[in-house]
Amino acid sequence: MTPPRNIAAEDCLLGSMMLFENCIDEVELIISPGDFSTGYGPKLFRTIRDLRSGGTPVDLLTVHDATKADSDIDVDLILRLCESVPTGQHFSHWAKIVRKRSLERGLFYACHESLRSLAELDDSVESVASTLETEVHGILTGTVGTGSQHVADVLHSLAVDRERDVETAIPTGFSEVDALLNGGVRPSSLTILAARTSVGKTALAGCFALNVMKSGHHVLFITLEMTAAEIVARLLALLSNIPAAACERLDGLSTEERDRLADAENQLASMPLHVFDEPSSVTKIAALSRLHCRKNNTRLIVIDYLSLVETFDRRVPREQQVSQITRELKALAKTLEVPILLLAQLNRAVESRVSKRPRLSDLRESGAIEQDADSVLFIDRPAMRNPQDVPREAKLY
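Sequence order as written defines the numbering, with residues in each chain counted from 1. Predicted model: local features are reported for residues with pLDDT of at least 70 only, side-chain atom pairs are reported and counted for 80 or more only, and whole-chain, interface and lining totals are derived from all residues. The side-chain quantities take in all heavy atoms of the structure and omit both hydrogens and water.

J.: Break down the overall build of the protein chain for me, with residues and values.
T.: Numbered from the N terminus, helices here are DSSP runs of H or I no shorter than four residues, and strands are runs of E no shorter than two. Of regular secondary structure, the protein chain possesses 18 helices and seven strands. Per-residue burial for the protein chain yields a buried fraction of 44% across its 397 residues. The contact criterion used throughout is that any non-hydrogen atoms of two residues lie within 4.5 Å. Considering only residue pairs separated by 6 or more positions, the protein chain has 68% of its internal contacts joining residues 24 or more positions apart. Burial here depends on accessible area, computed with a 1.4 Å probe over protein chains only, as a share of the maximum for the residue type. Under 20% is buried, over 50% is exposed, and the range in between is partly exposed.

Structure follows, in structure tokens:
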């Protein structure tokens, strides 16, 4: 079976861009170089786009002059493309055809590769399904699917971001933390928040989530340890300054505290938050994350916590399982272009040392965590070890 493509539409589109310069900007909003199926298509598209952005008039002569060193493009090809254009009014229609065929082609290759993997028994059914779902999501959202990017396309995107002064970091709301993270958590990043048990990982992650939501961003909170009700109670406690247990049961609250709790409930109810509390594999987490990013434009994913994430094969050593989890979560963050905040436990080694300050080697179960993570944050609360210490001296680094 031949992969879907429409060479006639591609040729008419390229010809229109050379004959009618004003259509270039609109075409560029619909397609990218990778949407062309011919060898010369991406090259001509990039040339036309670069001439336009550089202020050089676009026509047959300027395009030919810019591509004369390329053996795949000659004057006969350029003339043929221009002569193929029946009218200058249908360029938008042709661009949509080219984009549609590109999406179909991406799905064709993704499904073909999945069938090959199943036939050759290279991977488990779950692994193949997860890979296919990731590729389909990427194709539909335009993040992957056409292969490698030419360096010219990457430089063009970088230049556009510079011109728009795009600030991609999402502030956590804590100035010292944002300074450590160079402005906040960044799209495509995997950030580890680690500490010993009951030090306050979930509470701090909740603070990050609340601050992100107050900026108008959607948050997906995946809790594998607590129920959704417990997480919501924690968030209400942070908003109302009332203990979480009291927020769940309303025990012994004064009238003033009940009013504060009601205000917190109204505030939280209006926030763009979704909580998921079912036992989950990394595959289910990935599918859920893709769904929410597609439907809600989610800008932060919190996973609480690493040790409870399930893997495909429980027979392999736990260190290998954790390595697979962090590797796939990093790949997920990169695919979705959304930061993932992953909570993790520290092992007991930190308690046996003279210095109780956590370090990378204290990460529990796998050394691969520090390799896959973009940033690792540790919580240190000296007051929990020495009650005479001032509680506010908790440190994050």
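J.: Help me get a handle on unusual backbone geometry, residues and values and all.
T.: Trans peptide bonds make up the majority, and among non-glycine residues the majority have a negative phi. Residue Y305 follows D304 across a cis peptide bond; omega there is 5 degrees. Its location among the elements puts Y305 in the loop between β4 (298-304) and α15 (318-336). Phi is positive for N297, close to 55 degrees, though the residue is something other than glycine. Here N297 shows up in the loop between α14 (282-296) and β4.

J.: Describe helix α10 (residues 201-214), with residues and values.
T.: The length a helix should cover is 1.5 Å for every residue beyond the first. With 14 residues, α10 ought to run about 20 Å at 1.5 Å a step, and its terminal C-alpha atoms sit 20 Å apart, in line with that. Most of α10 is tucked away, with eleven of its 14 residues classed as buried. G216 sits one or two positions beyond α10 and adopts a positive phi of about 95 degrees.

J.: Tell me about the side chain of T38, and name the residues and values.
T.: Examined against the element boundaries, T38 turns out to sit in the loop between α2 (24-28) and α3 (40-53). For this analysis, a polar contact is any N or O atom pair within 3.5 Å, provided that within protein one partner can donate a hydrogen and the other can accept it, and provided that sequence-adjacent residues contribute only side-chain to side-chain pairs. Reaching out from T38, the side chain makes a polar contact with the backbone nitrogen of G41 at a distance of 3.1 Å. In contact with T38, other than residues within four places in its own chain, are I7 and E10.

J.: Give a detailed account of the packing of helix α1 (residues 7-19) against α3, specifying residues and quantitative values.
T.: The axes used here are C-alpha line fits, helices contributing only the stretch in contact, and every angle between their N-to-C directions lies in the interval 0 to 180 degrees. Here α1 crosses α3 at 20 degrees, and the two axes come no closer than 11 Å. One finds that α1 runs roughly parallel with respect to α3. Read as a crossing pair, α1 and α3 show a hand that is left-handed. Seen from α1, the contacting residues are I7, D11, L14, M17 and M18; seen from α3, they are Y40, G41, L44, F45 and I48. Looking at the contact of α1 with α3 residue by residue, the classes come out as eight nonpolar, one polar and one charged. An angle below 35 degrees is read as roughly parallel, one above 145 as roughly antiparallel, one from 65 to 115 as roughly perpendicular, and any other as oblique. Left-handed is the label given to a crossing in which the near helix is rotated counterclockwise from the far helix by less than a right angle, and right-handed is the label when the rotation is clockwise. Side-chain classes follow a simple rule in which Ala, Val, Leu, Ile, Met, Phe, Trp, Tyr, Cys and Pro form the nonpolar group, Asp, Glu, Lys and Arg form the charged group, and the remainder, Gly included, forms the polar group.

J.: An account of the pattern of salt bridges is requested, with residue identities and associated values reported.
T.: Here a salt bridge means any side-chain nitrogen of Lys or Arg lying within 4 Å of a carboxyl oxygen belonging to Asp or Glu. Evaluated as defined, the whole model comprises eleven salt bridges. The salt bridge partner of E104 is R101, with a shortest N-O separation of 3.2 Å. Remark: R101 and E104 occur in helix α6 (residues 91-119); sequence separation between them is three residues, near one turn of the helix. Residue R101 is classed as partly exposed on the basis of its relative accessible area, which comes to 24%. We note a salt bridge from R260 to E256, for which the minimum N-O separation is 2.7 Å. Placement of both R260 and E256 in helix α13 (residues 255-269) is noted, with a separation of four residues, approximately one turn of the helix.

J.: Explain the nonpolar core to me, and be specific about the residues and the numbers.
T.: If you look at the biggest cluster of nonpolar residues, it comprises 39 residues, and the most contacted ones within it are L193, V219, V302 and L341. The dominant element in this core, judged by the number of residues it contributes, is α10, at seven residues. Listed in part, the 32 residues of the second largest apolar core include I192, L220, I285 and L306. By nonpolar core is meant a set of buried Ala, Val, Leu, Ile, Met, Phe, Trp, Tyr and Cys residues that side-chain atoms within 4.5 Å join together.

J.: Which residues make up the environment of L44, and what values go with them?
T.: Residue position: L44 is located in helix α3. On the accessibility criterion, L44 (0% relative accessible area) is buried. For the pair L44 and I78, spaced 34 residues apart in sequence, the C-alpha to C-alpha distance is 9.2 Å. Dropping the residues within four chain positions of it, L44 is found in contact with L14, V63, T67, I73 and L81.

J.: So what's going on with a nonpolar patch on the surface? Residues and values would help.
T.: A cluster of nonpolar side chains, contributed by L115, L118 and V125, occupies part of the molecular surface with about 290 Å² of accessible area. Looking at the element boundaries, L118 is found in helix α6. With a relative accessible area of 35%, L118 lands in the partly exposed category. Candidates for patches are residues over 30% relative accessible area with no salt bridge; among them, like charges are joined within 9 Å and nonpolar side chains (Val, Leu, Ile, Met, Phe, Trp, Tyr) within 5 Å. Note on areas: Shrake-Rupley with a 1.4 Å probe; residue coverage comes only from the protein chains shown.

J.: Break down the environment of L29 for me, citing the residues and quoting the values.
T.: You can see L29 is positioned in the loop between α2 and α3. Residue L29 is classed as exposed on the basis of its relative accessible area, which comes to 76%. Residues L29 and A95, spaced 66 residues apart in sequence, show a C-alpha to C-alpha distance of 9.5 Å.

J.: Tell me about the pairing of strand β5 (residues 340-345), residues and numbers included.
T.: With six of six residues buried, β5 is to be regarded as a mostly interior element. Residues I340, L342 and A344 of β5 are buried on one face, and the alternating residues L341, L343 and Q345, pointing to the opposite face, are buried as well. Note on pairing: DSSP must find at least two bridges between two strands before they are called paired. The pairing of strand β1 (residues 190-195) with β5 spans six bridges and is parallel. Along β5, the bridge assignment pairs A195 with Q345. As paired strands, β4 and β5 are joined by three bridges and run parallel to one another. Each bridged residue has a counterpart across the sheet, and for I301 the counterpart in β5 is I340.

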